[in-house]
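As a plain string of letters, each chain reads:
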Amino acid sequence: MCRHRPQALTSLTADIHTRSDPGRSAEKSRRSIKLMQEAITAIEECRKPVIAAVHGACVGGGIDIITACDIRYCTEDAYFSVKEVDLAITADLGTLQRLPGIVGHGNAMELALTARTFSGSEAKAMGLVSRTFGSKADMDQGVRAIAEGIGAKSPLAVIGTKRVILTSRDMRLNEGLDYVATWNSAMLLSNDLREVASARTQKRKPSFSKL
């Protein structure tokens, strides 16, 4: 028992120093925020497409999550809010970085500064979601069909498309074109391209190997 006491005292002393030192406290807070940011960014960095299906409220952190997804859908009665300013904080997990690229700078600014609630139909009109559904059951069925459709395509083409879009977002046009040229110069060597041609000739659905 005595062996653990020095370590416990060291930890307690460090904690006291952190609480009494604004600089150390702020640095600890920053590390906590960065850790949460990485959790949200992991959705975006998943090599497979991630689809968000929203039913009910999508508020604050929910916006952080869905803006990191690749495709978004919702029910007509879903509602959304970038709520952080009402809580006296600045949204810090990705909404302010990703939302402008999805709904436009002006829309993102207005939603973030007012924290107003907006409907599923308005989310569709702004481009936050690609489609609305009349009910959760309809949405579940529709999104499942969409996911299965994407899953039936060449996995190399799917992950390549996602990666090129995300990478090109932060590049100039000529840089994005160069990136996709490099990507395809390797990916076009796969058997998937030949499988698509063969399947069309034989009038059947293509079958691709898993990655």
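In this text, all values refer to a predicted model and were calculated from it rather than measured experimentally. (Residues numbered from 1 in each chain as written. Predicted model: local features only at pLDDT ≥ 70, side-chain atom pairs only at ≥ 80, totals over all residues. Heavy atoms only, no water.)

## Side note on the overall build of the protein chain
What the protein chain contains, in helices and strands, is 10 helices and six strands. Here the C-alpha radius of gyration of the protein chain, 23 Å, is well above what a compact globule of 211 residues would show, namely 17 Å. Seen along its three principal axes, the alpha-carbon backbone of the protein chain occupies a region of about 75 × 45 × 40 Å. A total of 211 residues make up the protein chain; the buried ones form 28% of that total. Put simply, of all contacts in the protein chain between residues at least 6 apart along the chain, 58% involve residues at least 24 apart. Counting every atom, the protein chain has about 13600 Å² of accessible surface; 58% of that belongs to carbon and sulfur. Within the protein chain, one finds 29 positive and 23 negative side-chain charges whose respective centroids are separated by 7 Å. (Helix = DSSP H or I, 4+ residues; strand = E, 2+ residues; numbered from the N terminus. Rg over C-alpha atoms; globule rule 2.2 N^0.38 Å. Buried < 20%, exposed > 50% of the residue type's maximum accessible area, 1.4 Å probe, protein only. Contact = heavy atoms within 4.5 Å. Areas by Shrake-Rupley, 256 points an atom, 1.4 Å probe, with all protein chains shown as cover. Lys, Arg positive; Asp, Glu negative; His and termini not counted. Charge placed at Lys NZ, Arg CZ, Asp CG, Glu CD.)

## A short note on the pairing of strand β3 (residues 71-75)
Taken residue by residue, a regular strand's side chains alternate between the two faces of the sheet. Most of β3 sits out of view: four of its five residues are buried. Pairing of strand β1 (residues 51-54) with β3, which is carried by four bridges, proceeds in the parallel orientation. Residue pairing for β3: alanine 53 is matched across the bridge by tyrosine 73. Sheet topology places β3 next to strand β6 (residues 131-133); three bridges connect them, and they run parallel. Paired with threonine 75 across the bridge in β6 is phenylalanine 133. (Pairing = 2+ DSSP bridges.)

## Some words on the sheet that holds strand β4 (residues 79-81)
Taken in spatial order, the three strands make up an open sheet running β2-β4-β5, and their pairing is mixed. Two strands lie at the open edges of the sheet, namely β2 (57-59) and β5 (118-119), each paired on one side alone.

## Looking at the sheet that holds β1
On the basis of which strands lie adjacent, the open sheet formed by three strands has the order β1-β3-β6 and parallel pairing. The two strands at the open ends of the sheet, each matched to only one other strand, are β1 and β6. Neighbour-to-neighbour, the strand axes of this sheet turn through a mean angle of 20°, independent of strand direction. (Axes fitted to C-alpha atoms, helices over the stretch in contact; angles between N-to-C directions.)

## Concerning the confidence of the model for the protein chain
The pLDDT averaged across the protein chain works out to 90; a share of 91% of its residues lies at or above 70. Contacts of residues 1-5 to residues separated by more than four positions or lying in other chains number zero contacts, the stretch itself having pLDDT below 50. (pLDDT = per-residue confidence, 0-100.)

## Quick notes on the packing of helix α4 (residues 95-103) against helix α5 (residues 105-114)
Between α4 and α5, whose axes approach to 7 Å, the crossing angle comes to 130°. Accordingly, the angle class assigned to the pair α4 and α5 is oblique. Between α4 and α5 lies a crossing whose hand is right-handed. On the side of α4, the interface is formed by Leu96, Leu99, Pro100 and Val103, while α5 contributes His105, Asn107, Ala108, Leu111 and Ala112. Along the lines of polarity and charge, the residues of the contact of α4 with α5 split into seven nonpolar, two polar and no charged. (Parallel < 35°, antiparallel > 145°, perpendicular 65-115°, else oblique. Left-handed = near helix turned anticlockwise from the far one by under 90°. Nonpolar A, V, L, I, M, F, W, Y, C, P; charged D, E, K, R; others polar.)

## What to know about the pattern of salt bridges
Within this structure, the stated rule accounts for 12 salt bridges. Salt-bridge contacts for aspartate 140 lead to lysine 136; the nearest nitrogen and oxygen are separated by 2.9 Å. Residue aspartate 140 and its partner lysine 136 are located together in helix α7 (residues 136-151), separated by four residues, close to a single helical turn. Via salt bridges that share partners, Glu44, Arg98, Arg169 and Asp170 belong to a single interconnected network. (Salt bridge = Lys/Arg side-chain N within 4 Å of Asp/Glu carboxyl O.)

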